[in-house]
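Chain by chain, the residues:
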There are 4 protein chains.
Amino acid sequence: MIRVGIYNENVHEKLDENVAMVYPEGIHGQLAAFLGAEEDMEIVRCYTLETINDITEEELTGIDVMLWWGHMAHHKVEDEAVQKVKNAVLMGMGLIVLHSGHHSKIFRSLMGTTCNLTWREDGDFERVWVVNPAHPITRGIGRFFYLPEVETYGEPFAIPEPDEVVFIGGYEGGEVFRSGCTFHRENGRIFYFQPGHETFPIYYDPNVQTVIKNAVRWANPVFRSQALDCPHVEKPGKD
Amino acid sequence: MIRVGIYNENVHEKLDENVAMVYPEGIHGQLAAFLGAEEDMEIVRCYTLETINDITEEELTGIDVMLWWGHMAHHKVEDEAVQKVKNAVLMGMGLIVLHSGHHSKIFRSLMGTTCNLTWREDGDFERVWVVNPAHPITRGIGRFFYLPEVETYGEPFAIPEPDEVVFIGGYEGGEVFRSGCTFHRENGRIFYFQPGHETFPIYYDPNVQTVIKNAVRWANPVFRSQALDCPHVEKPGKD
Amino acid sequence: MIRVGIYNENVHEKLDENVAMVYPEGIHGQLAAFLGAEEDMEIVRCYTLETINDITEEELTGIDVMLWWGHMAHHKVEDEAVQKVKNAVLMGMGLIVLHSGHHSKIFRSLMGTTCNLTWREDGDFERVWVVNPAHPITRGIGRFFYLPEVETYGEPFAIPEPDEVVFIGGYEGGEVFRSGCTFHRENGRIFYFQPGHETFPIYYDPNVQTVIKNAVRWANPVFRSQALDCPHVEKPGKD
Amino acid sequence: MIRVGIYNENVHEKLDENVAMVYPEGIHGQLAAFLGAEEDMEIVRCYTLETINDITEEELTGIDVMLWWGHMAHHKVEDEAVQKVKNAVLMGMGLIVLHSGHHSKIFRSLMGTTCNLTWREDGDFERVWVVNPAHPITRGIGRFFYLPEVETYGEPFAIPEPDEVVFIGGYEGGEVFRSGCTFHRENGRIFYFQPGHETFPIYYDPNVQTVIKNAVRWANPVFRSQALDCPHVEKPGKD
């Protein structure tokens, strides 16, 4: 079983009734619903802004892959909590960063860049194109999938060169964006996935669900270290 | 002075009067015209299908950066000539591969893959978006540039992960494509650039010219080795 | 079951009785022995120089991961056979290139470079250091492993920048070498592994065996395509 | 002129008379001496722990490439100063991180990892091997250079996959280390260079000086942006 943790700040859902109508159980609720239905996954815990700052190292040890959705309240996630999550990633926990999570402290901290981009909210359609059809995250997806209404993100996306560009999005208005990118930092695998604006029912889309399920399986650690250290060593011998 | 060599197969120009009208001096003629006008560049020689198979190692030693445009006649460039050009690249000569040159023997041989893609000829417009605004190949280009009529190329583009994705194209019909990519192979720098269908006046476009001029300067070798060897060595000492 | 194919040219074994004493069943025999003993692997076929040129596309379809050991007779493997193996890799077959296989036609063709290096045969010991302890190919290996007698390979190793450097070797005489490197080319995963000189019993070493078994599991394709094509497409709609 | 800034914490020099004997003007003094003697470089300012926390954005605008040496006092460089330097790098300032600077806040922050490694202080000799002889940072260096006494660093070095591994060090006691690595983060180029323990006269070595001079020229920005932003944009037109 892959032990899945979910963070969703859950602020838009409380402030905006349109969002609440799309996600009555919160974005985290919908993510938990379709991931929790998979036979090889269990939802360990959903965190919101009200609880994320109390996350513990022990809890993180029990999570194999964490999803991260945030937007308005990135700055309210405390540095100490971010550092704990970051350490867990460096020791091997997988991390799936969704949509506006590009500006979260955890993603910026792992990338080392601003993760800036350009954006428009005109309800454009998006085609998400498969760039790397051999990648396990694309299993079950054809040449592309179509989303009727999204928030538009555009290049330049200020990230380090990804390990692999898996998806590139093309929008109705003409922008393009590296919509699916993989990275690894020490033992942890990271996937950034662009779709997910709060006012559209993106996380009900079957293709989006397929990608996120694939990504959870891909990010599930093959190995998890016990410590992050910089040891003094003895001169090596034969073993 | 950057010594520039140009290969253009020059077959469409002879077979199709529409192409001949766009490029009365051949595609190579137009490339030579705008590059040769630069103060720091001189056109050493233009090769066509009629002459490329006689190219010599000595001639290649006198070329700093070579441009390559081919389409119908890739298979008529002999393996021996390709090997000479490849060796020159590995020793440091820069190579700019244009448009349908994605399927040339020289590009495939340097990539190790098929360099396949999807394509349509519907005269779509293309926006070529800057992904990496710090890259010297993007100097003088804004967020994107617009080409009113192009051949459409689509992902997946079967290349190894590029060193840098510099441009991503977005087409009127919705496709996306990594339209500008850099690679290095041993001492040689390689830039693939998508625009350039023979029936549209692409190489008269000021932005396209800016990109190609930038690319020639970027690919100009900082170092050129004299040999490709695999030497037996003595046990190292102090120098 | 992972279906494993093995190519070993099997020439040294016939010409040099010292090699024959180390590998009485050929290098391929020893590789087949320890891989065939794994519960999740079966050896489909061992090829030697006498049979490799008859390899068929159908046979390749039945191989998930192929190992490649060659040295004296790289040039006797015909281009047609190499092309079939290359196509199989691009469609998803894994490839493990061993030691002097760095100069094989198949490896050079996939890399696009000469794959040159420097070398000495002084029976140096080597320590093979783990650079990336999170990589599945390093499972079961400590900080490094020690090989008492090897052929020395040295940098520069003329390969494209690897996806991941997994091992770096350090030799008694002082050279260093990127001894374990991963690449992917289209659907296929490739691992180059330096240890394996024919006159030393390298493939009896437990750590070397662990690495090769890990590499076979890592290179086992998640997806295999049916064709390498460059299709004309219609303008995309919604699916 | 390349405008060079230097940070050296300058603490060892005050606490340890052995270090003070090697570097009577501080490590920064010696770096400034050999860089300042180059015709195309001018030393804008040397910072020490006593002044680095007062560094201003305006000063950083006047620096093209900054060198960074720290060890004992990484934690005393305030987060605000680090953020200013980081922003300057992301906007295009080059950064050369030396030796124990691997654990500096600025390097960790740009890498997104711990930058841990293993280490010994036994006065081993090191050979620094050229992995990429085409790289401008290796101009003037042969196959390797020899340093008679260094601090030993060993893999695994917990960094993201570098853009290019330029040097690999091999030590008397057997360790290996990626001693020279390049990265880019947004507009800024970064070079990490391992040699430089405070108790050995490393920065008097001609090869070390050649590498650092080459690195300054390589990291000198081709472009510097004025802002780090994430703009709302209008739907694109034709330009």
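Given the structure is predicted, the values throughout are model-derived calculations rather than measurements. (Residues numbered from 1 in each chain as written. Chains lettered and ligands numbered in written order. Predicted model: local features only at pLDDT ≥ 70, side-chain atom pairs only at ≥ 80, totals over all residues. Heavy atoms only, no water.)

## Description of the overall build of chain A
Thought 1: Scanning chain A from terminus to terminus reveals 7 helices and 9 strands.
Thought 2: In terms of overall dimensions, chain A is globule-like: its C-alpha atoms have a radius of gyration of 18 Å, near the 18 Å expected for 239 residues.
Thought 3: In terms of overall dimensions, chain A has a C-alpha envelope of 60 × 35 × 35 Å along the principal axes.
Thought 4: Here chain A holds 239 residues, and 64% of them are scored as buried.
Thought 5: Here the analysis covers contacts within chain A between residues at least 6 apart in sequence; of these, 71% occur between residues at least 24 apart.
Thought 6: For chain A, the computed accessible surface area is about 8,400 Å², with 48% contributed by carbon and sulfur atoms.
Thought 7: If the 20 positive side-chain charges of chain A are averaged to one point and the 36 negative ones to another, these points end up 7 Å apart. (Helix = DSSP H or I, 4+ residues; strand = E, 2+ residues; numbered from the N terminus. Rg over C-alpha atoms; globule rule 2.2 N^0.38 Å. Buried < 20%, exposed > 50% of the residue type's maximum accessible area, 1.4 Å probe, protein only. Contact = heavy atoms within 4.5 Å. Areas by Shrake-Rupley, 256 points an atom, 1.4 Å probe, with all protein chains shown as cover. Lys, Arg positive; Asp, Glu negative; His and termini not counted. Charge placed at Lys NZ, Arg CZ, Asp CG, Glu CD.)

## Here's the deal with the packing of helix α3 (residues 26-36) of chain B against helix α8 (residues 206-219) of chain B
All names here are of chain B.
Thought 1: Packing of α3 against α8 leaves a shortest axis separation of 10 Å and a crossing angle of 70 degrees. The angle between α3 and α8 places the two elements in the roughly perpendicular class. Contact residues: Q30, L31, F34 and L35 in α3; Q209, I212, K213 and V216 in α8.
Thought 2: When its residues are assigned to classes, the contact of α3 with α8 shows 5 nonpolar, 2 polar and 1 charged. (Axes fitted to C-alpha atoms, helices over the stretch in contact; angles between N-to-C directions. Parallel < 35°, antiparallel > 145°, perpendicular 65-115°, else oblique. Nonpolar A, V, L, I, M, F, W, Y, C, P; charged D, E, K, R; others polar.)

## Observations concerning the interface of chain C and chain D
Thought 1: Opposite the 21 residues of chain C that make contact, chain D presents 21 residues.
Thought 2: For the chain C and chain D pair, buried surface summed over both sides reaches about 1,700 Å², with 60% attributable to carbon and sulfur atoms.
Thought 3: For the chain C face of the interface with chain D, the top three residues by lost area are W129, E161 and V176 of chain C, together amounting to 28%.
Thought 4: Connecting chain C to chain D are 4 residue pairs in polar contact (both at pLDDT 80 or more).
Thought 5: Residue contributions to the side of chain C that touches chain D peak at 5 residues, all from strand β7 (residues 164-171) of chain C.
Thought 6: Across the side of chain C that touches chain D, the residue classes break down as 8 nonpolar, 5 polar and 8 charged. (Buried area = accessible area lost by both parts, 1.4 Å probe. Polar contact = N/O pair within 3.5 Å; in protein donor to acceptor, adjacent residues only side chain to side chain.)

## Describing the interface of chain D and chain A
Thought 1: Between chain D and chain A, the residue contacts involve 34 residues of the former and 34 residues of the latter.
Thought 2: Per-residue buried area on chain D facing chain A is highest for W119, E186 and C230 of chain D; these three make up 19% of the total on that side.
Thought 3: The interface formed by chain D and chain A includes 0 salt bridges.
Thought 4: Seen at the junction of chain D and chain A, the total is 10 residue pairs in polar contact (both at pLDDT 80 or more). (Salt bridge = Lys/Arg side-chain N within 4 Å of Asp/Glu carboxyl O.)

## Details of the relation of the copies chain C and chain D
Thought 1: Under the fitted operation, chain C is carried onto chain D by 0.0 Å of movement along the axis and a turn of 180 degrees, and the coordinates agree to an RMSD of 0.0 Å. The two molecules are tied by a two-fold rotation axis, judged by turn and shift. Judged by C-alpha distance, G170 of chain C is the residue of chain C that lies nearest the rotation axis, at 3.3 Å.
Thought 2: Interface overlap between copies is the fraction of interface residues in one copy that are interface residues in the other; for chain C against chain D it reaches 100%, indicating a shared surface. (Least-squares fit on C-alpha atoms with pLDDT ≥ 70 in both.)

## Regarding the packing of aromatic side chains
Thought 1: A complete count under the given rule lists 52 aromatic pairs over all chains for this structure.
Thought 2: What links up through ring pairs into an aromatic cluster is the set F107, Y153, F157, F177, F183 and Y192 of chain A.
Thought 3: A cation over an aromatic ring shows up here: R139 of chain C above the ring of F223 of chain A, its NZ or CZ 3.9 Å from the ring centre. (Phe/Tyr/Trp six-rings, centres within 6.5 Å; stacked < 30°, edge-to-face > 60°. Lys NZ or Arg CZ within 6 Å of the ring centre and 35° of its normal.)

## Quick word on the sheet that holds strand β3 (residues 65-69) of chain C
Residue and element names in this part refer to chain C.
Thought 1: Taken in spatial order, the 9 strands of this open sheet run β2-β1-β3-β4-β9-β8-β7-β5-β6, and their pairing is mixed. Looking along the sheet, the strands with just one partner apiece sit at the ends: β2 (41-47) and β6 (144-154). Looking at each pair of strands side by side, their axes are set apart by 25 degrees on average, direction ignored.
Thought 2: Bridging between strand β8 (residues 176-185) and strand β9 (residues 188-193) involves 6 bridges; their strand directions are antiparallel. Each bridged residue has a counterpart across the sheet, and for F183 the counterpart in β9 is I190. (Pairing = 2+ DSSP bridges.)

## Topic: the environment of V89 of chain B
Residue and element names in this part refer to chain B.
Thought 1: Inspection of the secondary structure puts V89 in helix α6 (residues 79-91).
Thought 2: Expressed as a C-alpha distance, the spacing of V89 and V65, which sit 24 residues apart in the sequence, is 8.9 Å.
Thought 3: Setting aside chain neighbours within four positions, we find V89 in contact with L95, L110, R185, N187, G188 and I190.

## Digging into the pattern of salt bridges
Thought 1: Inspection of every chain in the model, using the stated rule, returns 48 salt bridges over all chains.
Thought 2: One salt bridge connects D122 of chain B with R120 of chain B, and the closest N-O pair in it is separated by 2.6 Å.
Thought 3: Residue D122 of chain B is classed as partly exposed on the basis of its relative accessible area of 47%.
Thought 4: Across the pair E175 of chain D and R120 of chain D runs a salt bridge, and its minimum N-O distance is 2.8 Å. In this pair, E175 of chain D sits in the loop between β9 (164-171) and β10 (176-185) while R120 of chain D sits in strand β5 (residues 118-120), placing the two residues 55 residues apart along the sequence.
Thought 5: Judged by its relative accessible area of 1%, R120 of chain D is buried.
Thought 6: Salt bridges linked by common partners bring E38, D40, K213 and R217 of chain A together as one network.

## Overview of α3 of chain B
Residues and elements named next belong to chain B.
Thought 1: Most of α3 is tucked away, with 9 of its 11 residues classed as buried.
Thought 2: Listed in full, the buried residues belonging to α3 are G26, I27, H28, G29, Q30, L31, A32, F34 and L35.
Thought 3: Of the surrounding elements, those touching the buried residues of α3 are β1 (2-8), α1 (12-15), β2 (41-47), β3 (65-69), β4 (94-98) and α8.

## Examining the confidence of the model for chain A
Thought 1: Averaged over every residue, the pLDDT of chain A is 97; the share at 70 or more is 100%.
Thought 2: Both scores are available for the predicted complex, with the pTM at 0.97 and the ipTM at 0.96. (pLDDT = per-residue confidence, 0-100.)

## As for the side chain of T48 of chain B
Residues and elements named next belong to chain B.
Thought 1: Tracing the backbone shows T48 in the loop between β2 and α4 (49-52).
Thought 2: Assessed through its relative accessible area of 13%, T48 is described here as buried.
Thought 3: When near neighbours in sequence (up to four residues on either side) are disregarded, T48 contacts Y7, N8, E9, N10 and H28.

## Brief notes about the pairing of β7 of chain C
All names here are of chain C.
Thought 1: Within β7, 8 of the 8 residues are buried, which leaves the element mostly enclosed by the surrounding structure.
Thought 2: Both strand β5 (residues 118-130) and β7 contribute to a ladder of 5 bridges, which runs antiparallel. Within β7, the residue paired with W129 across the bridge is I168.
Thought 3: Pairing analysis gives 5 bridges linking β7 to β8, with the strands arranged antiparallel. Bridge pairing in β8 links F167 to G180.
Thought 4: Hairpin geometry of β7 and β8 is characterised by an intervening segment of 4 residues between the two adjacent antiparallel strands and by a positive phi of about 115 degrees at G174.

## Some thoughts on the environment of N10 of chain B
Thought 1: Along the chain, the position of N10 of chain B falls in the loop between β1 and α1.
Thought 2: Setting aside residues up to four positions removed in sequence, N10 of chain B forms contacts with G26, H28 and T48 of chain B.

## Considering unusual backbone geometry
Thought 1: The peptide bond linking E155 of chain C to P156 of chain C adopts the cis configuration, its omega dihedral lying at 0 degrees.
Thought 2: In this fold, P156 of chain C is placed in the loop between β6 and β7.
Thought 3: Located in the positive-phi region is C115 of chain A, a residue other than glycine, with phi close to 60 degrees.
Thought 4: Within the secondary structure, C115 of chain A sits in the loop between α6 (105-111) and β5 (118-130).
Thought 5: Here C115 of chain A falls in the buried class, since its relative accessible area comes to 0%.

## Considerations on the sheet that holds strand β8 (residues 176-185) of chain A
Residues and elements named next belong to chain A.
Thought 1: Ordered by their spatial adjacency, 9 strands build an open sheet running β2-β1-β3-β4-β9-β8-β7-β5-β6, and the pairing between neighbours is mixed. Since the sheet does not close on itself, it has two edges, and those belong to β2 (41-47) and β6 (144-154), each with one partner. The mean angle between the axes of side-by-side strands here comes to 25 degrees, regardless of whether they run parallel or antiparallel.
Thought 2: Lying over the sheet, helix α5 (residues 79-91) contacts β3 (65-69), β4 (94-98), β8 and β9 (188-193), oriented at roughly 115 degrees with respect to β9.

## A word on the pairing of strand β9 (residues 188-193) of chain B
Thought 1: Counting buried positions along β9 of chain B yields 5 of 6 residues, so the element is predominantly enclosed.
Thought 2: Counted between consecutive antiparallel strands, the loop separating strand β8 (residues 176-185) of chain B from β9 of chain B contains 2 residues, among which E186 of chain B sits at a positive phi close to 50 degrees.

## Some details on the side chain of N132 of chain C
Thought 1: Relative to the elements of secondary structure, N132 of chain C occurs in the loop between β5 and β6.
Thought 2: With sequence-adjacent residues up to four places away left out, N132 of chain C is seen in contact with H184 of chain A together with T138, E164, V165 and V166 of chain C.

## Regarding the state of the cysteines
Put plainly, a disulfide is one covalent bond tying together the sulfur atoms of two cysteines.
Thought 1: Under the criterion given, the structure shown has 0 disulfides over all chains.
Thought 2: This cysteine, C115 of chain B, is not joined by any disulfide, and C230 of chain C carries the nearest cysteine sulfur, 9.6 Å off. (Disulfide = S-S within 2.5 Å.)

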